[in-house]
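The residues making up each chain are set out below.
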Amino acid sequence: MSEYVTRETFDKMREELQRMKSVDRPAASKAIGEAREKGDLKENAEYDAAKEAQGMLEARIKQLEGVISTAKIVDPNSIDTSKVSVLTKVTITNLASKKTVTYQIVGEKEADLKSGKISASSPIGKGLLGKSKGEIAEVQAPTGVIKFRVEGITI
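This report concerns the structure included in the present document. (Residues numbered from 1 in each chain as written. Predicted model: local features only at pLDDT ≥ 70, side-chain atom pairs only at ≥ 80, totals over all residues. Heavy atoms only, no water.)

### Details of the side chain of Gln-104
Just so we agree on the cut-off: Only DSSP runs of H or I covering at least 4 residues are called helices, and only runs of E covering at least 2 are called strands; the numbering of each starts at the N terminus. The term polar contact refers here to a pair of N or O atoms within 3.5 Å; inside protein, the definition further demands a hydrogen-donor-capable atom paired with an acceptor-capable atom, and it admits residues adjacent in sequence only when both atoms are side-chain atoms. We call two residues in contact when some of their heavy atoms are within 4.5 Å.
Relative to the helices and strands, Gln-104 is located in strand β4 (residues 100–106). From its side chain, Gln-104 meets the backbone oxygen of Leu-87 in a polar contact 3.3 Å long. Non-local contacts of Gln-104, meaning those with residues more than four positions away in its chain, are made with Leu-87, Thr-88, Lys-89, Gly-116, Lys-117 and Ile-118.

Next up, the structure:
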């Protein structure tokens, strides 16, 4: 599945991948080599830990390469604010509690509820996508259906 990201997030992912390949990978190999020199590999916890760390690093590199290869970069200047879409900020009111909040709809990699960013693939994100100002979004939650009214859409 493609991940929608901003240019800034895409560049950060590429930098992280480059660092892992050019700095972290050689450091992991060196740690394995140093642990190997300490004797019997069957009883060498340092060697086992270094191999495990290398395996986790390689898995993260592979995962990040997959995300980067399928990422779709979204330009904030080309976003239509007549409907909720990725990268729009949407102000919604919970019709049951009358509480109003503003969220930015982002890709999974950028989601951070504390900073008001929710994933487009989250239940609320899915429910809001494509809605216009004044429309009601019905979101299925574990406690039942929650209804939100879209109050405004901005960038």
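### Considerations on helix α1 (residues 7–36)
Applicable threshold: Helix span, expected: 1.5 Å multiplied by one less than the number of residues in the helix. To obtain the bend at a residue, axes are fitted to the seven residues ending there and to the seven starting there, and the angle between these axes is taken. A 1.4 Å probe rolled over the protein chains alone gives each residue an accessible area, and that area as a share of the maximum for its type sets the label: buried under 20%, exposed over 50%, partly exposed in between.
Along its 30 residues, α1 runs 42 Å from first to last C-alpha, staying within 8% of the 44 Å computed at 1.5 Å per residue. The sharpest bend along α1 comes to roughly 40 degrees, located at Met-20. Of all the positions in α1, only Thr-9, Phe-10, Met-13, Leu-17, Met-20, Ala-28, Ile-32 and Ala-35 are classed as buried. The inward-facing, buried residues of α1 abut β1 (4–5), α2 (45–70) and β2 (72–73).

### A word on the side chain of Thr-93
Tracing the sequence through the fold places Thr-93 in strand β3 (residues 89–94). Thr-93 sits in the buried class, given a relative accessible area of 6%. A polar contact is formed between the side chain of Thr-93 and the side chain of Thr-100, at a distance of 2.9 Å. Those residues in contact with Thr-93 that lie beyond four places of it in its chain are Lys-98, Lys-99, Thr-100, Lys-147, Phe-148, Arg-149 and Glu-151.

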